Protein chains: 2
Amino acid sequence: MKILIAGLGLIGASLAKTLKKNTSHYVLGWNRTESVMKKALADGAVDEIGDIADLIPKADITFINFYPDAIVPFVLKYQDVFKDGSIVTDSCGIKTKICRELEKYNFKFTFIGAHPMAGREVSGYDNSLPNLFDNASFICTPTNASKAKIDTLVELANEMRFARTVVTTPEHHDEMIAFTSQIAHVLACSYVLSPLAPFHPGFSAGSYRDVSRVARINGEMWSELFIANKEPLIREIDDLTSNLEKFKKAIEAEDSKTLESLMAEANKIKEEIG
Amino acid sequence: MKILIAGLGLIGASLAKTLKKNTSHYVLGWNRTESVMKKALADGAVDEIGDIADLIPKADITFINFYPDAIVPFVLKYQDVFKDGSIVTDSCGIKTKICRELEKYNFKFTFIGAHPMAGREVSGYDNSLPNLFDNASFICTPTNASKAKIDTLVELANEMRFARTVVTTPEHHDEMIAFTSQIAHVLACSYVLSPLAPFHPGFSAGSYRDVSRVARINGEMWSELFIANKEPLIREIDDLTSNLEKFKKAIEAEDSKTLESLMAEANKIKEEIG
């Protein structure tokens, strides 16, 4: 197959490098900044570059790797250019808003939202890696796709050697991601915004390091992701705040029994589920 | 010097192994469960074991490695047994309650509270390591100690090859630890107590793993630590909750400008301070 990677930032370029490393598909690459796609070609991360309007009709599968708000406009702009019967997918971290909007159209191609779940605290082509997805889930959230098209995309993810593939609804994806990823970023940022953060050197160890790691964040992109996933994320913030309140009340009351039982429950979840 | 390690759990036994590895001091070891101290002797983690009342008067420095609430009673119980002019210290994670209580007494030895800042998600002698403190701070919080005694303890920490030593007040230690360690544990537990936690496999990656890591916790010990450091910890919970509230309001209002500025600030702290 010919696979187009549109957007050669951290995720797009890592997808391209993974395709080149683990499959024999032909990889078309495009990036808004021309120097980046030239570099990708020189590096062997892609097999061919060119104008987006020339590349799109050649692709059997197109991965769109843009900020969330740019995906629907891109698909609509090129809706008559994508190859008939091809698959168009994306790699962004929220799915409902995108998939439920695009399912309204009768395209001659199939759109299947996807989320290759990996990231780094650094971004851009130069930080992309051919093994970024080695332990990652490939989640896809088809709405009106045929079984054959879903199978094609999942099979590709398996060929690329994702650790696992998950097919689910956009809504379930977004609810889970609000918990596993978005709230983790919100709380890491909320944590380091404490007035004491600047004074931590000498007083911090592994727990500070780990809990604060994802506060190194691209605010522009995550702001789009948070707003696009407003309801599930606010539910998670409310749950977290209510659990913090339980700890606070128990500490204020010096109620060690309640504290121990809250921690026993948390410890059990980590031991049993991870 | 003869150095007594009272309590051979994760921290005590790691201190003993570090002393044996990096210094030539003679290490006395004691543990409530006799089989543990016999094992430590057999392993070469300590040079001598015996009855606590026989070991204490031999020691130039005694490290007490118990749960927080057991430290003051132990010092008072053996106050007439510690060697004249010796140093008695501890390794627990809160300092004000212990140091401000013990400074009321006129001992013939010097008590200097300390906190060798390292830990693991697992506990007990069998998980102790000779390199647990390789990248760790040794914090001590003298109140009424002479400069010579403080220097002796700090010099020992340097000999043991702690990454750095910090001398500060018990109050400053406890305020910083409420931020760098205690609230990190409270929020990791509060996080995994979300109703969605059991369903995370397949939907989680590095951010879930890191933010939730320290939810694997010894609730009995941390309950004592939290209650002993009530005021600073509640201030941190309040700060965190108020920052979470800022995120929530901005997400509800779809106010990307405020979200981006909150994250830019958090990102700046991580980039500049770590």
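Right above here is the structure, for reference.
The rules we used
Residues numbered from 1 in each chain as written. Chains lettered and ligands numbered in written order. Predicted model: local features only at pLDDT ≥ 70, side-chain atom pairs only at ≥ 80, totals over all residues. Heavy atoms only, no water. Contact = heavy atoms within 4.5 Å. Buried area = accessible area lost by both parts, 1.4 Å probe. Salt bridge = Lys/Arg side-chain N within 4 Å of Asp/Glu carboxyl O. Polar contact = N/O pair within 3.5 Å; in protein donor to acceptor, adjacent residues only side chain to side chain. Helix = DSSP H or I, 4+ residues; strand = E, 2+ residues; numbered from the N terminus. Nonpolar A, V, L, I, M, F, W, Y, C, P; charged D, E, K, R; others polar. Axes fitted to C-alpha atoms, helices over the stretch in contact; angles between N-to-C directions. Parallel < 35°, antiparallel > 145°, perpendicular 65-115°, else oblique. Left-handed = near helix turned anticlockwise from the far one by under 90°. Phe/Tyr/Trp six-rings, centres within 6.5 Å; stacked < 30°, edge-to-face > 60°. Buried < 20%, exposed > 50% of the residue type's maximum accessible area, 1.4 Å probe, protein only. Lys NZ or Arg CZ within 6 Å of the ring centre and 35° of its normal. Least-squares fit on C-alpha atoms with pLDDT ≥ 70 in both. Disulfide = S-S within 2.5 Å. Expected span 1.5 Å × (residues − 1). Pairing = 2+ DSSP bridges. Right-handed = clockwise from strand over helix to strand, strands pointing away.

1. Re the interface of chain A and chain B
Residue-level contacts link 84 residues of chain A with 84 residues of chain B. Interface area for chain A against chain B, summed over the two sides, is near 7,800 Å², with a carbon-plus-sulfur share of 72%. Here chain A is connected to chain B by 8 salt bridges. The partner of Asp-238 of chain B in a salt bridge is Lys-248 of chain A, and the shortest N-O contact between them spans 2.8 Å. Our count for the contact surface shared by chain A and chain B stands at 36 residue pairs in polar contact (both at pLDDT 80 or more). Mapped onto the side of chain A that touches chain B, the elements with two or more residues apiece are strand S7 (137-141), strand S8 (164-167), helix H7 (170-192), helix H8 (206-212), helix H9 (219-228), helix H10 (230-252) and helix H11 (256-272) of chain A. Residue contributions to the side of chain A that touches chain B peak at 17 residues, all from H7 of chain A. Its residues assigned to classes, the side of chain A that touches chain B shows 43 nonpolar, 22 polar and 19 charged.

2. Topic: the packing of helix H7 (residues 170-192) of chain B against helix H9 (residues 219-228) of chain B
Residues and elements named next belong to chain B. At a closest axis distance of 11 Å, the pairing of H7 and H9 adopts a crossing angle of 125°. Relative to H9, the element H7 lies oblique. Considering the relative orientation of H7 and H9, their crossing is left-handed. Where H7 approaches H9, its residues Ser-181, Gln-182, His-185 and Val-186 are matched on the opposing element by Trp-222, Leu-225 and Phe-226.

3. Thoughts on the packing of aromatic side chains
This structure, assessed with the given rule, holds 24 aromatic pairs over all chains. For the pair Tyr-105 of chain B and Phe-107 of chain B, a centre-to-centre distance of 5.4 Å together with 5° between the ring planes defines the contact as stacked. Owing to a relative accessible area of 16%, Phe-107 of chain B belongs among the buried residues under this scheme. Residue placement shows Lys-17 of chain A over the ring face of Tyr-125 of chain A; its charged tip is 4.9 Å from the ring centre.

4. Brief notes about the relation of the copies chain A and chain B
Put simply, the two copies of the chain differ by a rotation about an axis and a shift along that axis. Between chain A and chain B, the superposition needs a rotation of 180° and an axial shift of 0.0 Å, giving an RMSD of 0.0 Å. In the structure described here, the two chain copies are related by an operation that fits a two-fold rotation axis. Among all residues of chain A, the one whose C-alpha sits closest to the rotation axis is Val-211 of chain A, at a distance of 2.2 Å. Most of the interface of chain A is mirrored in chain B, where 100% of its interface residues again form contacts.

5. Here's the deal with the pattern of salt bridges
It is possible for side chains bearing opposite charge to pair when their charged atoms get close. In this structure the tally under the stated criterion is 34 salt bridges over all chains. Among the ionic pairs, Lys-58 of chain B bridges to Glu-48 of chain B, the shortest N-O distance being 2.6 Å. Within this pair, whereas Lys-58 of chain B is found in the loop between helix H3 (52-55) and strand S4 (61-64), its partner Glu-48 of chain B is found in strand S3 (residues 48-49), the two being separated by 10 residues in sequence. A salt bridge links Glu-121 of chain B to Arg-213 of chain B, with the nearest nitrogen and oxygen atoms 3.1 Å apart. Pair noted here: Glu-121 of chain B is in the loop between strand S6 (110-116) and strand S7 (137-141) and Arg-213 of chain B is in the loop between helix H8 (206-212) and H9, with a separation of 92 residues, a long-range link. Several salt bridges converge on common partners, so that one network encompasses Glu-121 and Arg-213 of chain A together with Arg-209 and Asp-210 of chain B.

6. Some thoughts on the state of the cysteines
A disulfide bridge is the covalent bond that connects two cysteines by way of their sulfur atoms. Counting across every chain of the model gives 0 disulfides over all chains. Free of any disulfide, Cys-92 of chain A has its nearest cysteine sulfur in Cys-99 of chain A, 8.5 Å distant.

7. A look at unusual backbone geometry
Phi at Arg-161 of chain A takes a positive value of approximately 70°, unusual for a residue other than glycine. Take Arg-161 of chain A: it is sitting in the loop between helix H6 (147-159) and S8. Residue class for Arg-161 of chain A comes out exposed when judged on its relative accessible area of 54%. Even without being a glycine, Glu-254 of chain B presents a positive backbone phi close to 50°. With respect to the element layout, Glu-254 of chain B can be found in the loop between helix H10 (230-252) and helix H11 (256-272). What makes Glu-254 of chain B partly exposed here is its relative accessible area of 44%.

8. So, helix H1 (residues 10-22) of chain B
Helical geometry note: an α-helix holds 3.6 residues per turn, so side chains three or four residues apart project in the same direction. Residues and elements named next belong to chain B. For H1, built from 13 residues, the straight-helix expectation of 18 Å at 1.5 Å per residue is met to within 8% by its first-to-last C-alpha distance of 18 Å. Among the 13 residues in H1, 11 count as buried, and that is most of the element. Inspection of H1 places Leu-10, Ile-11, Gly-12, Ala-13, Ser-14, Leu-15, Ala-16, Lys-17, Thr-18, Leu-19 and Asn-22 among the buried residues, and these make up the whole buried set. Residues of H1 that are buried make contact with strand S1 (2-6), strand S2 (26-30), S4, S6 and helix H6 (147-159).

9. Here's the deal with the pairing of strand S6 (residues 110-116) of chain A
Residues and elements named next belong to chain A. For S6, the tally of buried residues reaches 7 of 7 residues, placing the bulk of the element in the interior. Because side chains alternate across S6, one face comprises the buried residues Thr-110, Ile-112, Ala-114 and Pro-116, and the other comprises Phe-111, Gly-113 and His-115, equally buried. Examined bridge by bridge, strand S5 (residues 87-90) and S6 share 3 bridges and lie parallel to one another. Of the residues in S6, the one forming a bridge with Val-88 is Phe-111. Note that the unit made of S5, helix H5 (residues 96-102) and S6 has a crossover that is right-handed. Relative to S7, S6 runs antiparallel, the two being bridged by 4 bridges. Each bridged residue has a counterpart across the sheet, and for His-115 the counterpart in S7 is Ile-139.

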